[in-house]
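Here is what each chain is made of, one letter per residue.
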Amino acid sequence: MIRKYWWLVVFAVTVFIFDALLIQWIELLSTETDQCRNMNSVNPLKLVNCSDLD
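About the cut-offs
Residues numbered from 1 in each chain as written. Predicted model: local features only at pLDDT ≥ 70, side-chain atom pairs only at ≥ 80, totals over all residues. Heavy atoms only, no water. Helix = DSSP H or I, 4+ residues; strand = E, 2+ residues; numbered from the N terminus. Buried < 20%, exposed > 50% of the residue type's maximum accessible area, 1.4 Å probe, protein only. Areas by Shrake-Rupley, 256 points an atom, 1.4 Å probe, with all protein chains shown as cover. UniProt positions renumbered as here; feature names shortened; annotations may be inferred. Patch = residues over 30% accessible without salt bridge, like charges linked within 9 Å, V, L, I, M, F, W, Y side chains within 5 Å. Salt bridge = Lys/Arg side-chain N within 4 Å of Asp/Glu carboxyl O. pLDDT = per-residue confidence, 0-100.

**Focus on the overall build of the protein**
Okay, so step 1: Tallying secondary structure elements over the protein gives two helices and two strands in all.
Okay, so step 2: Going from N to C terminus, the protein has its helices and strands arranged as α-β-β-α.
Okay, so step 3: Put simply, the protein has 54 residues, and 0% of those count as buried.
Okay, so step 4: Per element, the accessible surface of the protein, about 5400 Å² overall, is 67% carbon and sulfur.

Structure below.
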């Protein structure tokens, strides 16, 4: 069965890798400034700009 559908397996792996790289690239473009966690805040999970904490 693998011999018959090897191209489908290769296609699925290629799409998975491409999708992961695309998500990383979009994430890199969307975060121009460094994001930090303000541990003194009410919600420390919310990311804020690191320059605001200085």
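And the narrative resumes.
**Quick look at the UniProt feature "transmembrane region" (unreviewed entry) in the protein**
Okay, so step 1: The residues that UniProt annotates with the feature "transmembrane region" (unreviewed entry) are residues 5-26.
Okay, so step 2: Taken end to end, residues 5-26 is 95% helix and 0% strand, and its first and last C-alpha atoms sit 32 Å apart.

**Here's the deal with a nonpolar patch on the surface**
Okay, so step 1: On the surface, Tyr-5, Trp-6, Trp-7, Leu-8, Val-10, Phe-11 and Val-15 cluster together into a nonpolar patch covering about 730 Å² of accessible area.
Okay, so step 2: Along the chain, the position of Val-10 falls in helix α1 (residues 6-30).
Okay, so step 3: Its relative accessible area of 45% is what places Val-10 among the partly exposed residues.

**Structural notes on the confidence of the model for the protein**
Okay, so step 1: Confidence in the prediction for the protein averages 81 pLDDT; 83% of positions are at 70 or higher.
Okay, so step 2: Within the protein, helix α2 (residues 50-53) has the poorest average pLDDT of any element, 70, and α1 the best, 91.

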